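Residue strings, one per chain:
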Amino acid sequence: RDYGTSIACLVSNHSLDAMTGIQFVSDSLDGTWMTTFSSTLSEDVLGSLRELDLSNNPFGDYGMIAFANALTPSSDILVGLRELYLGGTAINVGGMKAFSKALSYGSLPSLQILSFTKPHRHNDFSDEGMLDFSIALSSGALESLKELYLGGNKFGFEGMKAFSGALSSGALSSLQIFSFGEDHA
């Protein structure tokens, strides 16, 4: 099935405009699908969207870069999004760097829940990806974030050190729940 074309058609026909939550947890949406979906975001037709679950789809860096590019500094795309689930999406360093750059521009200002955790399926954004994520957080990104789930992702001491530094600088002052565990879907 061509999910990308189907979703693009629904979005471009404004069929999903009133949706407040969308879950694409199909285990088969790849980078090409994510690129098509992200191009529909630039039409800014999902203004009511509050929850977007992309978990368990292997779109990887290719798809995450396309998604991050849709979140341009001058757009109001997904500004009302409150929950974003990216666990098990095969995001590596390049995807995390692109996502972090988009966040540093002030994208996703209403985000309250961000999850990179999915049991038995991980991302591998490493220390380098965590460093960029931490820099974005230190710049004031995600000020509204209340819950952050990072469990099962491959980063080590240097990544945690960068993240700790961001928290020490006052980043994520609204954070209430922080988890490294794999219990959050």
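Residues numbered from 1 in each chain as written. Predicted model: local features only at pLDDT ≥ 70, side-chain atom pairs only at ≥ 80, totals over all residues. Heavy atoms only, no water.

Participant: In this structure, what is going on with the overall build of the chain? I would like to understand it.
Facilitator: Looking only at helices and strands, one finds six helices and six strands in the chain. Secondary structure elements in the chain, listed N-terminal to C-terminal, are α-β-α-β-α-β-α-β-α-β-α-β. Counting only C-alpha atoms and orienting by the principal axes, one finds that the chain spans roughly 45 × 30 × 25 Å. Within the chain, the proportion of its 185 residues that are buried is 47%. Sequence-distant contacts, at least 24 apart, represent 90% of the contacts inside the chain between residues at least 6 apart. Accessible surface computed for the chain: about 8,100 Å², of which carbon and sulfur atoms make up 50%. Within the chain, the 20 negative side-chain charges are centred at a point lying 2 Å from the centre of the 10 positive side-chain charges. (Helix = DSSP H or I, 4+ residues; strand = E, 2+ residues; numbered from the N terminus. Buried < 20%, exposed > 50% of the residue type's maximum accessible area, 1.4 Å probe, protein only. Contact = heavy atoms within 4.5 Å. Areas by Shrake-Rupley, 256 points an atom, 1.4 Å probe, with all protein chains shown as cover. Lys, Arg positive; Asp, Glu negative; His and termini not counted. Charge placed at Lys NZ, Arg CZ, Asp CG, Glu CD.)

Participant: Any chance you could explain the side chain of threonine 89 here in plain terms?
Facilitator: Counting through the fold element by element, threonine 89 comes out in the loop between strand E3 (83-85) and helix H4 (93-104). Those residues in contact with threonine 89 that lie beyond four places of it in its chain are Leu54, Ser55, Asn56, Asn57, Pro58, Phe59, Gly60 and Asn123.

Participant: Explain the packing of aromatic side chains here, please?
Facilitator: In this description, a pair of aromatic rings is defined by centroid distance and the angle of the planes. Summed over the entire model, instances satisfying the criterion amount to six aromatic pairs. Between phenylalanine 125 and phenylalanine 155 the ring centres are 6.0 Å apart and the planes differ by 10 degrees, which places this aromatic pair in the stacked class. Here phenylalanine 125 is found in the loop between strand E4 (113-115) and helix H5 (126-138), whereas its partner phenylalanine 155 is found in the loop between strand E5 (147-149) and helix H6 (157-168), with 30 residues between them in sequence. As far as burial versus exposure is concerned, phenylalanine 125 and phenylalanine 155 are alike and both buried. An aromatic cluster of at least three residues, connected via ring pairs, comprises Phe99, Phe116, Phe125, Phe133 and Phe155. (Phe/Tyr/Trp six-rings, centres within 6.5 Å; stacked < 30°, edge-to-face > 60°.)

Participant: Explain the pattern of salt bridges here, please?
Facilitator: Any two side chains of opposite charge can pair if their charged atoms end up close together. In this structure the tally under the stated criterion is two salt bridges. Here lysine 97 ties to glutamate 128 by a salt bridge, and the two come within 3.4 Å at their closest N and O atoms. Highlighted residues: lysine 97 in helix H4 and glutamate 128 in helix H5, separated in sequence by 31 residues. Among the ionic pairs, aspartate 132 bridges to lysine 97, the shortest N-O distance being 3.0 Å. On the criterion of sequence distance, the pair formed by aspartate 132 in helix H5 and lysine 97 in helix H4 is long-range, its members being 35 residues apart. Connected through salt bridges with shared partners, the residues Lys97, Glu128 and Asp132 form a single ionic network. (Salt bridge = Lys/Arg side-chain N within 4 Å of Asp/Glu carboxyl O.)

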